[in-house]
Amino acid sequence: MDFLVQMNNISKHFSGVKALDDISFQLKAGEVHVLLGENGAGKSTLIKILSGVYEPTAGSIVIGEKTFSHLTPKQSVDEGISVIYQELSMIDELSIAENIFVGKLPMTKKLGIPVVDFYSMEEIAQKMIEKVGLKRSAKDLVERLSISEKQQVEIAKSLASRAKVIVMDEPTSSLTIEETEKLFGIIRQLKYLGVGIIYISHKLNELIEIGDRVTVLKDGKYVGTRNIQDVTKEDLVTMMVGRSVNERHLKKTDRMNSDEEILLKVEGLTRKDKKVRDASFELYKGEILGFAGLIGSGRTELMNAIYGAAPISSGRIELFGKEVKIKSPYQAIKLGIGHVTESRKETGFLKNFEIWKNISLSRLLKDSTLGGMWGLVREKQEKEWAEKYKLSINIKCVSVEQNIMELSGGNQQKVLIGKWLAADSKLIIFDEPTKGIDIGARGEIYKIMRELTENGVGVIVVSSDLPELLSVCDRIIVFREGKTNGILSNDEATEEKIMLAATS
């Protein structure tokens, strides 16, 4: 059997800790090979070794007829390996063509002087984006593109570099069902061309739909490789976590006609930029309220307005029975509102801070005065808060002195939750709360959400993952084109009904 890539007996140690222990992995031409495992299982480390970011402690890499003890990033690219990371690496200020050819601009000579061949670059880029089904001009600026379109540009970039192997890390984490189907169509075209795809995701439904084979890692060790057609979702979960996990995590309650206390009431809210128009809803005590809709429908934009991160032109907000004017996130924090944002690495935490500093940050702001300019730093107290929430929400770390970037995605998310608990938040907005998080950690986060509601905290969940909304939410509000377009109780909600409200 001919393989595009063989990674043989790969081990990687960090300061004596085994991140990978004797892992072997093979990729065939024209196959989608799923790499599966909980956060911290070793998937990212294995891919970083393949892309030349890390050098393995032991083992070898075979690409075609060549054998390497390790790769440099340049060697990896030269050998036809392309990695599309979950955090897309587009430069918004450049055009699509410039992004596709960044670092390898085609050159020509005019009057003996080397200059960029923009005509050739845009002509080739246009062919590449048409190949992946992107209906855009190669001259368009990337800042005008949606997330799914940016992802198509990343794939076009891989094709332009003549990649034989494309690694896709959580490619559908921010895509709707329709956009996911479009991506799967592109993947099937790539398979037909003989490209090998390494596909990393925690969404088991889509793995079974698009994958050919699956390799499971656990705690840096090889668990096994199976043909997708021979396994069930339950089999994969058991391989990943060593136990079965119930996807229907929480008891639901119908609050459509509830007499419970209203924690948050929004009436006729319209943003100045009109991305949200005349939005109205209530959040009851003890419920988890979900928001569904296509990307760009206004869900996140509504949450940003409630949190004071975007100005509103009209409407009113009542919090715990009193009308409030929220003109900044600082005011929202002072009022007891927390916001776990969609992109934790960009807007959720400070990368150069330890765990304890990230947990205490919002509490310090809440206790401060003069718009956050005046207040006391209490290191001992801050570390006590961090230790408290490390235990109560099970943050897996060596110590709270660790840098937050050393944690898995699921534990980084728990730190963000701990940050808002330390600030004694009475309402917490979760935007794409389990993006890039494994199924085991998802269950823990869902459990935390329900415990929050039982303690009187209001919980709002914005998600593109419809099974997630159906699994955890009591009611689901569907957004379309900046407006609410339906409210469904958990008992009546289905994926089909949600999508119908989101698209028509």
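Now for a description of the structure that goes with this document. Keep in mind that this is a model prediction, so the values were computed, not measured.

Description of the packing of aromatic side chains
Counted under the stated rule, the structure contains 4 aromatic pairs. Pairing Phe 14 with Tyr 54 gives two aromatic rings, centres 5.2 Å apart and planes at 70 degrees, and the pair type is edge-to-face. A residue pair is termed long-range when its members are at least 10 positions apart, and Phe 14 in strand 1 (residues 5–14) and Tyr 54 in the loop between helix 1 (43–50) and strand 4 (58–63) qualify at 40 residues. By relative accessible area, Phe 14 is classed as partly exposed at 33%. A ring pair is formed by Phe 281 and Phe 291, whose centres lie 5.1 Å apart and whose planes are at 75 degrees; its orientation type is edge-to-face. Remark: Phe 291 occurs in strand 15 (residues 288–292) and Phe 281 occurs in strand 14 (residues 279–284); sequence separation between them is 10 residues. Pair check on accessibility: Phe 281 and Phe 291 agree, each one buried.

Notes on the sheet that holds strand 19 (residues 427–431)
Hydrogen bonding along the main chain pairs the strands of a sheet, whether they run parallel or antiparallel. Here we have 6 strands laid out as an open sheet, ordered 18-19-20-15-21-22, and mixed in their pairing. One side of each edge strand has no neighbouring strand; the edge strands of this open sheet are strand 18 (337–340) and strand 22 (483–489). The mean angle between the axes of side-by-side strands here comes to 20 degrees, regardless of whether they run parallel or antiparallel. Relative to strand 20 (residues 458–462), strand 15 is paired through 4 bridges, and the arrangement is parallel. The partner of Gly 290 across the bridge, within strand 20, is Val 461. Here helix 14 (residues 409–422) sits on the sheet in contact with strand 18 and strand 19, set at roughly 170 degrees to strand 18.

Focus: the environment of Asp 78
Turning to its location among the elements, Asp 78 is positioned in helix 2 (residues 73–78). Residues Asp 78 and Ala 163, 85 residues apart in the sequence, show an inter-C-alpha distance of 8.8 Å.

Considering the nonpolar core
Nonpolar side chains in soluble globular proteins tend to be buried together. In this structure, Leu 264, Phe 281, Phe 291, Leu 302, Phe 430 and Ile 460 are the most contacted members of the largest nonpolar core, which totals 74 residues. Contacts of Phe 281, omitting those with residues within four sequence positions, involve Leu 264, Lys 265, Val 266, Leu 289, Phe 291, Leu 302, Ile 306, Ile 460 and Ile 477.

Points about the sheet that holds strand 16 (residues 312–319)
Sheet architecture is open: 4 strands sit in the order 14-13-16-17, paired in antiparallel fashion. Bordering the open sheet on either side are strand 14 and strand 17 (322–324), each of which pairs with just one other strand. With strand direction ignored, the average angle separating the axes of adjacent strands in the sheet is 15 degrees. The sheet contact formed by strand 13 (residues 262–271) and strand 16 spans 6 bridges and is antiparallel. When the sheet's bridge partners are listed, Glu 267 is paired in strand 16 with Arg 316. Running over the sheet, helix 9 (residues 299–306) touches strand 13, strand 14 and strand 16 and is turned about 110 degrees from strand 13.

Considering the environment of Ser 392
Along the polypeptide, Ser 392 turns up in helix 13 (residues 379–392). Residue classification places Ser 392 among the partly exposed positions, given a relative accessible area of 48%.

Section: the pattern of salt bridges
Under the criterion given, the structure shown has 28 salt bridges. Residues Glu 31 and Arg 213 are paired through a salt bridge, measuring 2.9 Å at the closest nitrogen-oxygen approach. Of the two residues, Glu 31 sits in the loop between strand 2 (17–27) and strand 3 (32–36) while Arg 213 sits in strand 11 (residues 213–218), which places them 182 residues apart along the sequence. Classification of Arg 213 as buried rests on a relative accessible area of 10%. Between Lys 325 and Glu 323 there is a salt bridge whose closest N-O contact spans 3.5 Å.

Quick word on the pairing of strand 12 (residues 221–227)
Note that strand 11 and strand 12 share 6 bridges and pair antiparallel. In the sheet register, Arg 213 faces strand 12, and the bridge partner there is Asn 227. In this antiparallel pair of consecutive strands, strand 11 and strand 12, the connection spans 2 residues, and Asp 219 shows a positive phi of 55 degrees.

What about helix 15 (residues 439–454)?
With 16 residues, helix 15 extends 23 Å from end C-alpha to end C-alpha; this agrees with the ideal 22 Å at 1.5 Å per step. Of all 16 residues in helix 15, 12 are buried; the element is thus mostly enclosed. Within two residues after helix 15, Gly 456 carries a phi angle of roughly 90 degrees, on the positive side.

Looking at the packing of helix 5 (residues 147–160) against helix 6 (residues 177–192)
Relative orientation of the contacting elements helix 5 and helix 6 amounts to 10 degrees, with a least axis distance of 11 Å. Taken together, helix 5 and helix 6 sit at an angle that is classed as roughly parallel. For the pair formed by helix 5 and helix 6, the contact residues are Ser 148, Gln 151, Gln 152, Ile 155 and Leu 159 on the first element and Glu 179, Lys 182, Leu 183, Ile 186 and Leu 190 on the second. For the contact of helix 5 with helix 6, the class distribution of residues is 5 nonpolar, 3 polar and 2 charged.

Topic: the packing of helix 14 against helix 15
Packed helix pairs are characterised by how far apart their axes lie and by the angle those axes make with each other. Direction vectors running N to C along helix 14 and helix 15 enclose 15 degrees, while the axes themselves pass 10 Å from each other. In terms of axis orientation, helix 14 runs roughly parallel to helix 15. Regarding helix 14 and helix 15, the two cross each other, and that crossing is left-handed. The residues of helix 15 that touch helix 14, namely those facing Gly 410, Gln 413, Lys 414, Ile 417 and Leu 421, are Ala 441, Glu 444, Ile 445, Ile 448 and Leu 452.

Some words on the pairing of strand 9 (residues 165–169)
Of all 5 residues in strand 9, 5 are buried, a share of seventy percent or more. In this structure, strand 9 lies alongside strand 10 (residues 196–200), joined through 5 bridges in parallel fashion. Counted as the bridge partner of Val 165 is Gly 196 from strand 10.

Observations regarding the environment of Glu 287
Checked against the element boundaries, Glu 287 lands in the loop between strand 14 and strand 15. With relative accessibility at 0%, the residue Glu 287 sits in the buried group. A polar contact is formed between the side chain of Glu 287 and the backbone nitrogen of Tyr 284, at a distance of 3.0 Å.

Comments concerning unusual backbone geometry
The phi angle at Asp 219 is positive, at roughly 55 degrees, despite the residue not being glycine. Within the fold, Asp 219 resides in the loop between strand 11 and strand 12. Despite not being glycine, Glu 481 shows a phi value in the positive range, around 50 degrees.

Thresholds applied
Residues numbered from 1 in each chain as written. Predicted model: local features only at pLDDT ≥ 70, side-chain atom pairs only at ≥ 80, totals over all residues. Heavy atoms only, no water. Phe/Tyr/Trp six-rings, centres within 6.5 Å; stacked < 30°, edge-to-face > 60°. Helix = DSSP H or I, 4+ residues; strand = E, 2+ residues; numbered from the N terminus. Buried < 20%, exposed > 50% of the residue type's maximum accessible area, 1.4 Å probe, protein only. Pairing = 2+ DSSP bridges. Axes fitted to C-alpha atoms, helices over the stretch in contact; angles between N-to-C directions. Contact = heavy atoms within 4.5 Å. Core = buried A, V, L, I, M, F, W, Y, C linked by side-chain atoms within 4.5 Å. Salt bridge = Lys/Arg side-chain N within 4 Å of Asp/Glu carboxyl O. Expected span 1.5 Å × (residues − 1). Parallel < 35°, antiparallel > 145°, perpendicular 65-115°, else oblique. Nonpolar A, V, L, I, M, F, W, Y, C, P; charged D, E, K, R; others polar. Left-handed = near helix turned anticlockwise from the far one by under 90°. Polar contact = N/O pair within 3.5 Å; in protein donor to acceptor, adjacent residues only side chain to side chain.

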